[in-house]
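Working through the structure, step by step
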Amino acid sequence: MPTSTRSTTKAPSHANGLARNTLAIALAALLCAPPGASADTLYSFVDEHGVMHFSDSPASDPRYRRIAGAPQAAASAGKPQPRPAPTALRPHIEHAARQTGLDPALIQAVAQVESAFNPNAQSPKGALGLMQLMPATAERYGVTNPLDPATNLLGGARYLSDLLRLFNDDLELALAAYNAGENAVMKYDKQIPPYRETRAYVPRVLARYAVERDGR
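Conventions used here
Residues numbered from 1 in each chain as written. Predicted model: local features only at pLDDT ≥ 70, side-chain atom pairs only at ≥ 80, totals over all residues. Heavy atoms only, no water. Helix = DSSP H or I, 4+ residues; strand = E, 2+ residues; numbered from the N terminus. Buried < 20%, exposed > 50% of the residue type's maximum accessible area, 1.4 Å probe, protein only. Polar contact = N/O pair within 3.5 Å; in protein donor to acceptor, adjacent residues only side chain to side chain. Phe/Tyr/Trp six-rings, centres within 6.5 Å; stacked < 30°, edge-to-face > 60°. Salt bridge = Lys/Arg side-chain N within 4 Å of Asp/Glu carboxyl O. Core = buried A, V, L, I, M, F, W, Y, C linked by side-chain atoms within 4.5 Å. Contact = heavy atoms within 4.5 Å. pLDDT = per-residue confidence, 0-100. 1 Å grid on protein atoms, 1.4 Å probe; cavity = no way out; pocket = protein on both sides within 12 Å on 5 of 7 lines; lining within 4 Å. Points joined across faces, edges and corners; volume = space filled by probe spheres on them. Nonpolar A, V, L, I, M, F, W, Y, C, P; charged D, E, K, R; others polar. Expected span 1.5 Å × (residues − 1).

**Examining the environment of Tyr141**
Here Tyr141 shows up in the loop between helix H5 (135-140) and helix H6 (149-166). Assessed through its relative accessible area of 8%, Tyr141 is described here as buried. Spatially, the C-alpha atom of Tyr141 lies 8.4 Å from that of Gly156, the residues being 15 residues apart in sequence. There is a polar contact of 3.5 Å between the side chain of Tyr141 and the side chain of Arg140.

**Describing the packing of aromatic side chains**
Applying the stated criterion across every chain, the model contains three aromatic pairs. Between the aromatic rings of Tyr141 and Tyr159, the centroid separation amounts to 5.8 Å while the plane-to-plane angle is 50°, which identifies the pairing as tilted. Of the two residues, Tyr141 sits in the loop between H5 and H6 while Tyr159 sits in helix H6, which places them 18 residues apart along the sequence. Tyr159 matches Tyr141 in its accessibility class, with the two residues each being buried.

**Quick notes on the pattern of salt bridges**
One pass over the structure, following the stated rule, counts five salt bridges. Glu212 is the salt-bridge partner of Arg208, the closest N and O atoms lying 2.9 Å from each other. Of this pair, Arg208 and Glu212 both sit in helix H9 (residues 196-214), four residues apart, which is roughly one turn of the helix. Per residue, the accessibility class of Arg208 equals that of Glu212, and both read buried. Across the pair Arg213 and Asp214 runs a salt bridge whose closest N-O atoms are separated by 2.9 Å. Taking the relative accessible area as the measure of exposure, Arg213 reaches 6% and is therefore buried. Since its relative accessible area comes to 26%, Asp214 is described here as partly exposed.

**Examining the environment of Glu139**
Its place among the elements puts Glu139 in helix H5. In this structure the C-alpha to C-alpha distance between Glu139 and Gly155, which are 16 residues apart in sequence, comes to 9.3 Å.

**Notes on the nonpolar core**
By size, the foremost hydrophobic cluster in this structure holds 42 residues, and its most contacted members are Ile107, Val110, Met131, Leu160, Leu175, Tyr178 and Tyr201. Mapped onto this core, the elements with two or more residues apiece are helix H3 (90-100), helix H4 (104-115), H6, helix H7 (171-180) and H9. Residues in contact with Val110, not counting those within four places in the same chain, are Met131, Leu160, Leu175, Tyr178, Tyr201 and Val205.

**So, the confidence of the model for the chain**
Averaged over every residue, the pLDDT of the chain is 79; the share at 70 or more is 64%. Below a pLDDT of 50 lies the segment residues 1-8, which in the model reaches 25 contacts outside its immediate sequence neighbourhood of four places, other chains included. Confidence drops under a pLDDT of 50 for residues 68-77, and excluding neighbours within four residues, the segment shows 16 contacts in the predicted structure.

**Overview of the layout of surface pockets**
Volume-wise, the largest pocket comes out at about 400 Å³. Lys125, Ala127, Met134, Tyr178 and Asn179 are, among the 17 residues lining the largest pocket, the residues nearest its centre. The set of elements that each furnish at least two residues to the lining of the largest pocket consists of H7 and H9. With four residues, H7 is the single largest residue contributor to the lining of the largest pocket. For the lining of the largest pocket, the residue count by class is eight nonpolar, six polar and three charged.

**Quick look at the environment of Glu182**
As for its placement among the helices and strands, Glu182 is situated in helix H8 (residues 182-187). Classification of Glu182 as buried rests on a relative accessible area of 18%. Not counting residues within four places of it along the chain, the set of residues in contact with Glu182 comprises Arg140, Tyr159, Leu163, Leu166, Phe167 and Ala177. Here Arg140 takes part through its side chain, which lies 3.1 Å from a polar atom of the side chain of Glu182.

**Side note on H6**
The terminal C-alpha atoms of H6 lie 26 Å apart, and with 18 residues this matches the ideal 26 Å at 1.5 Å per residue to within 8%. Residues of H6 that are buried: Asn152, Leu153, Gly155, Gly156, Ala157, Tyr159, Leu160, Ser161, Leu163 and Leu164. Downstream of H6 by one or two residues, Asn168 has phi in the positive range, about 55°.

In structure tokens:
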């Protein structure tokens, strides 16, 4: 039977060590469904009210678009596999997590989606490094060398932490702001902006976060 969920994601509280949240659990359930359940691929869409919907069955609504799928080998095994960060990056991710109170799995998920763990990544728009910091953001958080993994990860984590505070621990909105800028989220009345890239980015990070966190 197709599985779907509709929710506004609240980020785990900084005070309680980033406890699990409802939507991430739903995502993990979808991603970890047994073979034959048609849940090796996840679909989502954002409705006219800015609410994000998830399902393993795109036939239930034509607005669903594919956002995450397990490789064939993982699908046949029934569970997508976590993709650990390169060994050299793990201490920097843990340090950034300790400094900001974020879950290291969340920082890892953002870095993976942003740069595929490439510390030298550069976007056409000028974003740099593991967390794809724009020059103004790097300057704002004192990142003098955005291609340095340690300072880039810490700067990105500090930015994401500030966005969570700004949007009352709403992880969907914080991730949307990380991708499109906080002003864009404010412009659209604190909803996910109607940008194709942003509406694909948010569920990609959430799905990867669920897999990485629950795979520890």
